[in-house]
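Take a look at the letters that make up each chain.
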Amino acid sequence: QAALDFHEEALRIREQIGDRPGMVESLNAVGIQRRRAGDLYQALDHHTRALGLARELAMEREVAQALALIARIYTALDDHEPALEFYRQALEAL
């Protein structure tokens, strides 16, 4: 819980100061913590937001990372078809 609180606070600060690249990092970090806590749909929401922002900012590495993290969520949900598609997109983004 402490890690989740830390990353959520970092996200709030980055949003307040307009640190958009930092927001991508924090969104993915919160998503990872949410996944670890079993909150898969909240994790998916954070990774999807990170993906959109990373694409907008042309952050190729972070786009690939967010795609792979989204794929991991779908794998955990036993939804393998979208998982494979997101993993494929992650590899293509590198």
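Residues numbered from 1 in each chain as written. Predicted model: local features only at pLDDT ≥ 70, side-chain atom pairs only at ≥ 80, totals over all residues. Heavy atoms only, no water.

Structural notes on the overall build of the protein
Part 1 of the argument: Within the protein, the regular secondary structure consists of five helices and zero strands.
Part 2 of the argument: Tracing the protein from N to C terminus, the helices and strands come up as α-α-α-α-α.
Part 3 of the argument: Relative to the compact-globule value of 12 Å for 94 residues, the protein shows a C-alpha radius of gyration of 13 Å, a close match.
Part 4 of the argument: Reported as C-alpha extents along the three principal axes, the dimensions of the protein are approximately 35 × 30 × 15 Å.
Part 5 of the argument: Looking at the protein residue by residue over its 94 residues, the buried ones come to 43%.
Part 6 of the argument: Restricting to contacts in the protein with at least 6 residues of sequence separation, those with at least 24 account for 44%.
Part 7 of the argument: Just so you have it, the protein exposes about 5,500 Å², and 52% of that area is on carbon and sulfur atoms. (Helix = DSSP H or I, 4+ residues; strand = E, 2+ residues; numbered from the N terminus. Rg over C-alpha atoms; globule rule 2.2 N^0.38 Å. Buried < 20%, exposed > 50% of the residue type's maximum accessible area, 1.4 Å probe, protein only. Contact = heavy atoms within 4.5 Å. Areas by Shrake-Rupley, 256 points an atom, 1.4 Å probe, with all protein chains shown as cover.)

Observations concerning the nonpolar core
One broad trend across soluble globular proteins is that nonpolar side chains are buried collectively.
Part 1 of the argument: Counting 22 residues, the largest nonpolar core has Val 24, Leu 51, Leu 67, Ile 70, Tyr 74 and Phe 86 as the members making the most contacts within it.
Part 2 of the argument: Elements supplying a minimum of two residues to this core: helix H2 (20-36), helix H3 (40-56), helix H4 (60-76) and helix H5 (80-93).
Part 3 of the argument: Residues in contact with Phe 86, not counting those within four places in the same chain, are Leu 67, Ile 70, Ala 71 and Tyr 74. (Core = buried A, V, L, I, M, F, W, Y, C linked by side-chain atoms within 4.5 Å.)

What to know about the packing of H2 against H4
Part 1 of the argument: Interaxial distance between H2 and H4 falls to 11 Å at its minimum, and their mutual angle equals 15°. The angle between H2 and H4 falls in the class roughly parallel. As H2 packs across H4, the resulting crossing turns out to be left-handed. Contacts between H2 and H4 involve Val 24, Asn 28, Ile 32 and Arg 35 from the first element and Glu 62, Gln 65, Ala 66, Leu 69, Arg 72 and Ile 73 from the second.
Part 2 of the argument: Here the residues of the contact of H2 with H4 are counted per class, giving five nonpolar, two polar and three charged. (Axes fitted to C-alpha atoms, helices over the stretch in contact; angles between N-to-C directions. Parallel < 35°, antiparallel > 145°, perpendicular 65-115°, else oblique. Left-handed = near helix turned anticlockwise from the far one by under 90°. Nonpolar A, V, L, I, M, F, W, Y, C, P; charged D, E, K, R; others polar.)

Re helix H1 (residues 2-17)
Part 1 of the argument: Taking 1.5 Å as the rise per residue, H1 with 16 residues should run 22 Å; its terminal C-alpha atoms sit 23 Å apart, in good agreement.
Part 2 of the argument: Residues of H1 that are buried: Leu 4, Glu 8, Ala 10 and Leu 11. Seen end-on, H1 carries its buried residues on one side only, within an arc spanning 160°. Structural note: H1 exposes Ala 2, Phe 6, Gln 16 and Ile 17 on the side pointing more than 90 degrees away from its buried face.
Part 3 of the argument: Looking one or two residues past H1, Gly 18 carries a phi angle of roughly 80°, positive in sign. (Expected span 1.5 Å × (residues − 1). Arc of directions from axis to C-beta.)

Interpretation in functional terms is not warranted from these geometric data alone.
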